[in-house]
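# Commentary on secondary and tertiary structure
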Amino acid sequence: MKITAIYGTEHVGSTVELARMAISQLQPESVTEFFLPRDFDHYCSGCGACFTSATPCCVQAKAQIEPILQAIEQADILIFASPVYVYHVTGAMKSFLDHMGCRWMVHRPNGAMFQKRALLLTTAAGGGMRSTLKDLKDNMNFWGVGRIVCYGKAIRALYWKNVSPQMRATLARDISKVCDKLQLERPVKPSLTVRLLFRFFQKLQPRMQNPTDIAYWQAQGWLSGQKPW
């Protein structure tokens, strides 16, 4: 089992510590970690080229984004972990997700995503976990990720060093339960949400008038009734 973890901050704070608890629990063969914006600091210019070019993602950010895409492709489990910043994911995480718009279901989803699991994590001193997890889960659904598990916690501390022993014990217990929800012993079957999204865009795609997207869907056999799961 391989894990690729993408963190919304450069420093190892409470959210990264939470993710590493999960990684320890899951005991993967290998782990690849990316810290944003250290490992990806490109901002989307809104040129729209990724939606029409045969290149699957931003050419301008190719040098930074290719290693991340390769790690995502090779992983069995994806971990996206972002602390709450003003009730949402960090700007660095949002910037990365912006670059993946062409991989959304409406355009050219990667068929491998339908067989993957994603663990979405967030922490905050106070609130905002629900909206932050929604930012992440919306993207995972539209990427087509087969199984998605979310966990957020108000840890009542700004820094990991100030998190109480009682809270750390709670986090450890919760993470154990959360990892169980990934159901590693079972084959991945995409959620109803993902399957409905796929079927909706399968019917809609011929009318979208984007030749690049249509050609992609045809090449996958999806416009002929095939499914990526």
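Scoring rules and cut-offs
- Residues numbered from 1 in each chain as written.
- Predicted model: local features only at pLDDT ≥ 70, side-chain atom pairs only at ≥ 80, totals over all residues.
- Heavy atoms only, no water.
- Helix = DSSP H or I, 4+ residues; strand = E, 2+ residues; numbered from the N terminus.
- Rg over C-alpha atoms; globule rule 2.2 N^0.38 Å.
- Contact = heavy atoms within 4.5 Å.
- Areas by Shrake-Rupley, 256 points an atom, 1.4 Å probe, with all protein chains shown as cover.
- Core = buried A, V, L, I, M, F, W, Y, C linked by side-chain atoms within 4.5 Å.
- Buried < 20%, exposed > 50% of the residue type's maximum accessible area, 1.4 Å probe, protein only.
- Expected span 1.5 Å × (residues − 1).
- Arc of directions from axis to C-beta.
- Pairing = 2+ DSSP bridges.
- Axes fitted to C-alpha atoms, helices over the stretch in contact; angles between N-to-C directions.
- Salt bridge = Lys/Arg side-chain N within 4 Å of Asp/Glu carboxyl O.
- Right-handed = clockwise from strand over helix to strand, strands pointing away.

Another point: the overall build of the chain. Across its full length, the chain carries eight helices and five strands. Here the C-alpha radius of gyration of the chain, 18 Å, is about what a compact globule of 229 residues would show, namely 17 Å. Considering only contacts in the chain between residues 6 or more positions apart, those separated by 24 or more positions represent 78%. Surface accessibility of the chain: about 11,200 Å² in total, with carbon and sulfur atoms responsible for 53%.

In this section: the nonpolar core. With 32 residues, the main nonpolar core has I6, F80, F96 and W143 as its most contacted residues. For this core, the element with the highest residue contribution is helix 3 (residues 62-74), accounting for five residues. With residues up to four places along the chain from it excluded, the contact list for I6 reads F34, L36, I68, I72, I79, F80, A81, M93 and F96. If you look at the next biggest cluster of nonpolar residues, it comprises 27 residues, including I77, L121, V149 and V163.

Over its 16 residues, helix 6 (residues 165-180) runs 23 Å from end to end, which matches the ideal 22 Å to within 8%, given 1.5 Å per residue. Taken together, the buried positions of helix 6 are M167, T170, L171, D174, I175, V178 and C179. Projected onto a plane normal to the axis of helix 6, the buried residues spread over an arc of 160° and lie on a single side. Seen from the open side of helix 6, the exposed residues pointing more than 90 degrees away from its buried face are P165, Q166, R173, K177 and D180. Buried residues belonging to helix 6 abut helix 1 (14-26), strand 4 (117-124) and strand 5 (147-154).

A few words now on the sheet that holds strand 4. If you walk across this open sheet you meet the five strands as 2-1-3-4-5, and the pairing is parallel. Among the strands making up the open sheet, the edge pair consists of strand 2 (30-35) and strand 5. With direction set aside, neighbouring strand axes in the sheet form an average angle of 15°. On the sheet, helix 1 packs against strand 1 (2-7), strand 2, strand 3 (77-81), strand 4 and strand 5 and is oriented at approximately 145° with respect to strand 4.

The full count for this structure, using the stated rule, is seven salt bridges. Between E66 and K62 there is a salt bridge; the shortest N-O distance is 4.0 Å. Separated by four residues within a single helix, E66 and K62 lie in helix 3, roughly one turn from each other. Judged by relative accessible area, K62 falls into the partly exposed class, the value being 44%. E185 is the partner of R186 in a salt bridge, and the nearest nitrogen-oxygen pair spans 3.8 Å. Residue class for R186 comes out partly exposed when judged on its relative accessible area of 48%.

Here the focus is the pairing of strand 2. Pairing of strand 1 with strand 2, which is carried by six bridges, proceeds in the parallel orientation. By the bridge assignment, K2 is partnered in strand 2 with S30. On the question of chirality, the crossover connecting strand 1 to the parallel strand 2 by way of helix 1 is right-handed.

As a further point, take the environment of F200. With respect to the helices and strands, the residue F200 is situated in helix 7 (residues 192-204). Separated by 94 residues in the primary sequence, F200 and V106 place their C-alpha atoms 9.0 Å from one another.

Purely spatial values, then, with no claim about function.
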